[in-house]
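Below are the chains, spelled out letter by letter.
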Amino acid sequence: MTDIAELLKQHTDGVALKMEEYQKLAGELSQRMIEIEQKSVRRGGADQPRESIGARFVNDPGLKDFDAFTSRPSRFSMQVKTTITSALDSGGDLAEAYRDSYLSTPKTALAVRDLLPVVQVSSGSVEYPKLGSYTNASDTVAEGDEKPESAMAFDLVTAPIRTIAHWIPASRQILSDAPQLQDIINTELLYGLKYVEDDQLLNGGGTGQDLNGIVTQATAFAAGSNTVTAPTKIDVILYAILQNALADLPATGIVLHPSDWVSMLAIKDTAGAYILGDPTAKQAPSLFGLPIAQSKAMTAGNFLVGDFATSATLYDRWEARVEVSTEHSDFFTRNLVALLCEERLGLAVKRPTGFTKGTFSTAITDLTS
């Protein structure tokens with residue numbers, strides 16, 4: 001019995017020792033977690049945006065290989081997925097011993113792409129069916145009678161993939177200046193690309209190398225018999241939404257020039273309060289539950305309301321990418337590189353009646369007639 005008691009005591013002592021060790025380890029892990037959380041707070045928290053495009057570019061191992069003195073390839077490229085900012089004259093002057101932070105040009109929010117469904121494609125064009133006409137003959141039918149026949153006609157349409165691109169020269173030394181290169185990529189090259197993308201998605205004329213834009217194909221706003229006393233721009237948008245609803249293609253988004261959106265925000269009630277909400281509160285731009293994309297590519301005084309979710313599709317052949325190369329002209333002997341930013345995309349407006357376009361001044365006149 002004594003032996004058993006001794007064994008039990010030894011086992012108990014061993015368990016107690018292990019528990020002390022586990023508690024010590026748990027304490028160390030807890031302290032490490034606290035330190036990590038504190039560092040996260042100091043750096044802006046876990047909700048910070050993902051690594052920027054410029055940071056991903058300059059930190060990519062491929063770029064480091066490119067910048068190596070020996071055995072470097074003559075070209076490096078990286079595909080990116082984001083929207084951004086306008087273009088420089090040259091990069092050579094930026095290669096100084098000390099560089100202050102880069103002062104970029106003013107930027108605006110670009111969000112037309114965000115309203116559209118995006119499909120990845122691998123070809124130079126996309127064929128899609130476009131509804132030409134539709135006759136709905138559905139009706140109640142007596143037992144034994146012939147069922148009515150509806151008619152639907154489609155046209156097979158081809159959406160070409162177009163390229164949007166631009167480039168800037170830069171000194172090879174700038175590749176070693178990661179923060180400066182990040183600024184150029186994030187705040188200039190990609191923005192310049194996306195600015196033109198916005199304009200093409202809205203206003204592309206469908207000729208030459210242009211996309212066939214949404215505004216180009218949209219249906220004109222018709223106020224009809226609707227009458228509003230002293231209508232505001234908000235009233236006009238409401239009746240444009242109605243036009244979409246009557247076409248059985250409910251609107252999912254709105255595109256406005258920033259100045260028109262601000263003029264709506266400035267509307268006050270008789271007590272002097274802003275009718276679209278507290279100006280101190282941060283809220284996403286929207287009207288009647290629909291998101292608003294503000295774009296300078298939309299002509300001031302005009303608007304677009306539409307069923308972006310189902311009436312149009314954006315096709316990405318190449319998502320925005322950045323390339324760096326020494327292959328341009330005599331760049332190799334001059335220690336220069338070319339920074340190229342480009343994308344390839346297509347657009348299909350499958351139902352033009354799913355988009356309502358108009359001019360506020362004309363529309364207001366129509367509404368009061």
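Please refer to the structure placed before this passage.
No experiment lies behind these values; they were computed from the predicted model shown.

### Quick notes on the overall build of the protein chain
Of regular secondary structure, the protein chain possesses 9 helices and 13 strands. Taken over 369 residues, the protein chain has a buried fraction of 35%. Summarising the internal contacts of the protein chain: among those between residues at least 6 apart in sequence, 78% fall at separations of at least 24. By element, 53% of the accessible surface of the protein chain is carried by carbon and sulfur atoms, the whole surface being about 21100 Å².

### A short note on the packing of helix 7 (residues 233-246) against helix 8 (residues 258-265)
For the pair helix 7 and helix 8, the least separation of the axes is 9 Å and the interaxial angle reads 110 degrees. For the element pair helix 7 / helix 8, the angle class is roughly perpendicular. Mapping the contact onto sequence places Lys233, Ile234 and Ile237 in helix 7 and Asp260, Ser263 and Met264 in helix 8. Of the residues in the contact of helix 7 with helix 8, the class split is 3 nonpolar, 1 polar and 2 charged.

### Thoughts on the nonpolar core
As a rule of thumb, nonpolar side chains are buried together in soluble globular proteins. In this structure, Val255 and Leu304 are the most contacted members of the largest nonpolar core, which totals 37 residues. In terms of residue count, helix 5 (residues 178-203) provides more of this core than any other element does, 8 residues in total. In contact with Leu304, not counting residues within four places along its chain, are Leu202, Ile214, Val215, Ala218, Gly253, Ile254, Val255, Met298, Phe355, Thr356 and Lys357. With 18 residues, the next largest nonpolar core counts Ile234, Val236, Trp261 and Phe360 among its residues.

### Considering the packing of aromatic side chains
Taken as a whole and assessed by the stated rule, the structure comprises 4 aromatic pairs. Pairing Tyr191 with Tyr195 gives two aromatic rings, centres 6.0 Å apart and planes at 45 degrees, and the pair type is tilted. Placement of the pair is Tyr191 and Tyr195 together in helix 5, with a separation of 4 residues, close to one helical turn. A relative accessible area of 4% places Tyr191 in the buried class.

About the cut-offs
Residues numbered from 1 in each chain as written. Predicted model: local features only at pLDDT ≥ 70, side-chain atom pairs only at ≥ 80, totals over all residues. Heavy atoms only, no water. Helix = DSSP H or I, 4+ residues; strand = E, 2+ residues; numbered from the N terminus. Buried < 20%, exposed > 50% of the residue type's maximum accessible area, 1.4 Å probe, protein only. Contact = heavy atoms within 4.5 Å. Areas by Shrake-Rupley, 256 points an atom, 1.4 Å probe, with all protein chains shown as cover. Axes fitted to C-alpha atoms, helices over the stretch in contact; angles between N-to-C directions. Parallel < 35°, antiparallel > 145°, perpendicular 65-115°, else oblique. Nonpolar A, V, L, I, M, F, W, Y, C, P; charged D, E, K, R; others polar. Core = buried A, V, L, I, M, F, W, Y, C linked by side-chain atoms within 4.5 Å. Phe/Tyr/Trp six-rings, centres within 6.5 Å; stacked < 30°, edge-to-face > 60°.

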